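Inside the fold
So the chains spell out like this:
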Amino acid sequence: MRYTKEHKQETRQRIIETAGRRLKRNGIDGSGVATLMKDAGLTNGTFYAYFTSKDELVATAVADQMRTQHENIAAHAAPGRAGLEQMVRWYFSTEQRDNIEDGCPNAALLDEIGRSTDPTRQAYTDGALVLIDGFAARLAPHDPPSARLKSLSLLGMLAGTLQLSRALTDRQLADQLLEQGIRNALSLLDAERHN
């Protein structure tokens, strides 16, 4: 039976989205093709009709996760500092911390992406640049390139703090860390406004 082009694209997107959630939950190394395909409700053999390798799927899923993160954070935030504060508060919410599958790909996968293939690292870099350019446009609306490095530092602060909060077994300490993360990020943003 031949499937329509739309059906093939929908199936491919389903594989990418379910893989993205699984990769964030179990990591890149902890997610085999069989598990990724099972999550999508498909057989292993079907995998090769859509991707040449697991590495290709991982790069594609990382790109999709970064695009989704941008759509969820930057694309809907208000302009200026108010939008940055909105993004910081969303990012450091307990819901974001506790929902790894649907949460930030930075905090879930950054350590593994650094050891991944060049295409996966490039997919991540491209997505991160879109995200930080959204931060920079809010930090320095009249000269976004001047705030790009500060925005990259903000992304690092966000991801690192969220990773640490997820790793702590002391829930009260983990919650306090998120609150301190908000204060630290807002201090960084305020320092930028006064420079």
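Residues numbered from 1 in each chain as written. Predicted model: local features only at pLDDT ≥ 70, side-chain atom pairs only at ≥ 80, totals over all residues. Heavy atoms only, no water.

1. What about the side chain of Arg138?
What counts here: For helices the rule is a DSSP run of H or I covering at least 4 residues; for strands it is a run of E covering at least 2, with both sets numbered from the N terminus onward. Accessible area is worked out with a 1.4 Å probe on protein chains only. A residue is then buried under 20% of its type maximum, exposed over 50%, and partly exposed in between. Two residue types count as positive, namely Lys and Arg, and two as negative, namely Asp and Glu; His and chain ends fall outside the count. Note on definitions: salt bridges are taken to be side-chain nitrogens of Lys or Arg within 4 Å of carboxyl oxygens of Asp or Glu. Only heavy atoms matter for contacts: two residues are in contact if any of them lie within 4.5 Å across the pair.
As for its placement among the helices and strands, Arg138 is situated in helix α8 (residues 118-139). Among buried charged residues, Arg138 stands out as having no salt bridge; its nearest opposite-charge side chain is Asp133, 10 Å away. Every residue in contact with Arg138, bar those within four places of it in the chain, is listed here: Ala74, Ala77, Ala78, Pro79, Gly80, Arg81, Gly83, Leu84 and Met87.

2. Let's talk about helix α5 (residues 80-91)
Inclusion rule: The length a helix should cover is 1.5 Å for every residue beyond the first. This arc is built from the directions going out from the helix axis to the C-beta atoms.
For α5, built from twelve residues, the straight-helix expectation of 16 Å at 1.5 Å per residue is met to within 8% by its first-to-last C-alpha distance of 17 Å. Looking at α5, one finds that the buried residues are Arg81, Gly83, Leu84, Met87, Val88 and Tyr91. Along the long axis of α5, the arc covered by the buried residues comes to 160°, so they all point the same way.

3. A few points about the packing of α5 against α8
Spelled out, the test is: Inter-axis angles, ranging from 0 to 180 degrees, are taken between N-to-C directions of lines fitted to C-alpha atoms, where helices are fitted over the stretch in contact. Any angle that is under 35 degrees is reported as roughly parallel, and any over 145 degrees as roughly antiparallel; angles of 65 to 115 degrees are reported as roughly perpendicular and all others as oblique.
Interaxial distance between α5 and α8 falls to 7 Å at its minimum, and their mutual angle equals 140°. In terms of their interaxial angle, α5 and α8 are classed as oblique. Contacts from Gly80, Arg81, Gly83, Leu84 and Met87 of α5 reach α8 at Phe135, Arg138 and Leu139.

4. Some thoughts on the packing of aromatic side chains
Worth spelling out the cut-off: Centre distance within 6.5 Å is the pairing criterion for rings of Phe, Tyr and Trp, where only the six-membered ring of Trp is used; planes under 30 degrees apart are then read as stacked, over 60 as edge-to-face, and the remainder as tilted.
Applying the stated criterion across every chain, the model contains four aromatic pairs. With centroids separated by 4.8 Å and ring planes inclined at 85°, the aromatic side chains of Phe47 and Tyr48 adopt a geometry described as edge-to-face. Residue classification places Phe47 among the buried residues on the basis of a relative accessible area of 1%. Three or more aromatic residues link up through ring pairs in this structure, and these residues are Phe47, Tyr48 and Phe51.

5. Some words on the confidence of the model for the protein chain
For clarity, the cut-off: On a scale of 0 to 100, pLDDT captures the predictor's confidence in every residue.
In the predicted model, the protein chain carries a mean pLDDT of 92, and 96% of its residues have values of at least 70. Confidence, read as mean pLDDT per element, is least for helix α3 (residues 44-47) in the protein chain (90) and greatest for helix α9 (residues 148-167) (95).

6. Some details on the environment of Arg138
For Arg138, a relative accessible area of 13% puts it in the buried group. For the pair Arg138 and Val33, spaced 105 residues apart in the sequence, the C-alpha separation amounts to 40 Å.

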